[in-house]
Amino acid sequence: MKSFWQNRTTSLLQLDRYLLMGIAFLLPLYKQGIPVLISILILRWLLSGQFLRLPQAVITSRHRATILMFAVLYLIHLIGMINTNNIRSGLFDLEVKASLLIFPLIFVTLDPRTLEEKWMIRVWFAFIGGCLSSLLFGLGRAFWMWQQSGDIMSFFYTGLSYSHHPSYLALYLNLAIALVTIILVEHKSLLTKTFRIFLILLLALFMVFIVLLSSKAGILGLVITLVISMMYLIIRQKLMVEGILGFLLSITFLLLMLNAFPYSVLRLKTASAVMEAHDEVKKDDTEGTAERILIWQAGLRLAWEHFLTGAGTGDVKDVLMAEYEKKGMKAASEQRLNAHNQYLQTTVALGVIGLLVLILILLLPALQAYRQNNFPYFVFLVLLGFNLLFESMLETQAGVVFYAFFNVVLYQKNQ
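Residues numbered from 1 in each chain as written. Predicted model: local features only at pLDDT ≥ 70, side-chain atom pairs only at ≥ 80, totals over all residues. Heavy atoms only, no water.

Engineer: An account of the environment of leucine 191 is requested, with residue identities and associated values reported.
Structural biologist: Here leucine 191 lies in the loop between α9 (166-186) and α10 (193-213). Using a relative accessible area of 10% as the deciding quantity, one classes leucine 191 as buried. Every residue in contact with leucine 191, bar those within four places of it in the chain, is listed here: Ile183, Leu184, Arg196 and Leu199. (Helix = DSSP H or I, 4+ residues; strand = E, 2+ residues; numbered from the N terminus. Buried < 20%, exposed > 50% of the residue type's maximum accessible area, 1.4 Å probe, protein only. Contact = heavy atoms within 4.5 Å.)

Shown next, in the form of structure tokens:
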């Protein structure tokens, strides 16, 4: 009997590990498959009775109690249903954001051995492998499209990113760069010389693809990643020469890539010009940055109007559409665009309490990660916080699952 339970425990432990690796691999590659793996994870959590450990785990472990606190943002959205008129929209929003609750609940009761160091690294490698697979598939698709149309733009922006918006894929690649960096520095004894060279080349490849994706937030995010990586090498790892040299080489390589692919530079210059002339933006302008400025202006007005209590979890979309129509923003209204800024989106939906919760669940863990030398978690939170300025990433599966999953996975490194 004892042998049976030992085998059962080991089997469930391995199942959890491979499910987490599968989610990490599919995140950048095939988002349609992720709900299936999450469903299996939930089913296994329920059937095994693991959920029964929840109260004891929270009481006996401060670390696990903190993990559960990550679900507060979801609970605030649940409370936001109280003053919601559009119940159907609110329920859909709660469904999209369900990962914000699911992953903290599961990880609170997860066997501590699930993500011991070697398995943590395997989850990282699964994500890195998913990023590489996504790029190779996207490149093959772009080549096929180019053969059919002769349009070189097939290798840029949405032509290269087949399953995600370029901003999301660029964010994934920036995190992958940080993970590869820490593997090269902290786990180099586990790597052969050939594999170390492969990982260094992979860093260069990911940088090239971030430029080709032409996401303005992605390119700026890459600069942030390189700066934090340099600080990590110099301050935390005491590798002054390696940090400075690596940063200079990376920045030089980035500048060469930007010079080689002028389309990406053109998008940055256009965005800069639009930002400088933001007062002259027309209401029917559909250029990316110009459209964002108009949407941000509308979002700011609504955020102030609903600052105390918010419009409600289900009504936020309705009040945004009404504002777009009121201001004559036909394109934004027809496409039913969100606020393109998660801080504004959350404020309009949930008011100042929602905004404070969002800021705190990013800021406080980032400070803790910095103090505890958890570089991958720190750079993850910084990149996410930066990207939320330009995208309402917690309104889509690609953003919600990415945040909810890696927030708990990388936080585990603190343990």
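On we go.
Engineer: Any chance you could break down the packing of helix α15 (residues 316-326) against helix α17 (residues 342-371) for me, citing the residues and the numbers?
Structural biologist: Across the interface, α15 lies against α17 with an axial gap of 9 Å and an inter-helix angle of 110°. The angle between α15 and α17 falls in the class roughly perpendicular. Crossing handedness for the pair α15 and α17: right-handed. Facing Val316, Val319 and Leu320 of α15, the residues of α17 in contact are Gln345, Val348 and Ala349. (Axes fitted to C-alpha atoms, helices over the stretch in contact; angles between N-to-C directions. Parallel < 35°, antiparallel > 145°, perpendicular 65-115°, else oblique. Left-handed = near helix turned anticlockwise from the far one by under 90°.)

Engineer: Kindly report on the nonpolar core, identifying the contributing residues and their values.
Structural biologist: Counting residues in hydrophobic clusters, the biggest one holds 133 residues, and the most contacted among them are Phe103, Phe127, Phe206, Phe380, Phe402 and Phe405. For this core, the element with the most residues is α9, which contributes 15 residues. If we ignore the near neighbours within four places in the chain, the residues touching phenylalanine 127 are Ala24, Phe25, Leu27, Pro28, Tyr172, Leu175, Ala176, Leu179, Phe402 and Phe406. (Core = buried A, V, L, I, M, F, W, Y, C linked by side-chain atoms within 4.5 Å.)

Engineer: Tell me about the packing of α9 against α10, and please be specific about residues and values.
Structural biologist: The relative placement of two packed helices comes down to the angle between their axes together with the axis-to-axis distance. Contact geometry of α9 with α10 gives a least axis separation of 10 Å together with a crossing angle of 160°. By the angle class used here, α9 and α10 are roughly antiparallel. Considering how the two elements wind past one another, α9 and α10 form a crossing that is left-handed. Residues Pro166, Leu169, Ala170, Leu173, Asn174, Ala176, Ile177, Val180, Thr181, Ile183 and Leu184 of α9 touch α10, and the partners they reach there are Arg196, Leu199, Ile200, Leu203, Phe206, Met207, Phe209, Ile210 and Leu213. A breakdown of the residues in the contact of α9 with α10 according to their chemical character gives 17 nonpolar, two polar and one charged. (Nonpolar A, V, L, I, M, F, W, Y, C, P; charged D, E, K, R; others polar.)

Engineer: Summarise the packing of aromatic side chains; cite the residues concerned and give the values.
Structural biologist: Within this structure, the stated rule accounts for 26 aromatic pairs. Ring geometry for phenylalanine 156 and phenylalanine 261: centres 6.0 Å apart, planes at 70°, overall edge-to-face. Note that phenylalanine 156 is positioned in the loop between α8 (117-149) and α9 and phenylalanine 261 in the loop between α12 (240-260) and α13 (262-276), a separation of 105 residues in sequence. By relative accessible area, which is 9% here, phenylalanine 156 ends up buried. A ring pair is formed by tyrosine 232 and phenylalanine 375, whose centres lie 4.2 Å apart and whose planes are at 15°; its orientation type is stacked. Taken together, the positions of tyrosine 232 in helix α11 (residues 216-236) and phenylalanine 375 in helix α18 (residues 375-387) put the pair 143 residues apart, joining distant regions of the chain. Judged by its relative accessible area of 2%, tyrosine 232 falls in the buried class. An aromatic cluster of three or more residues is present, and its members are Phe70, Phe103, Phe127, Tyr172, Tyr377, Phe380, Phe402, Tyr403, Phe405, Phe406 and Tyr411. (Phe/Tyr/Trp six-rings, centres within 6.5 Å; stacked < 30°, edge-to-face > 60°.)

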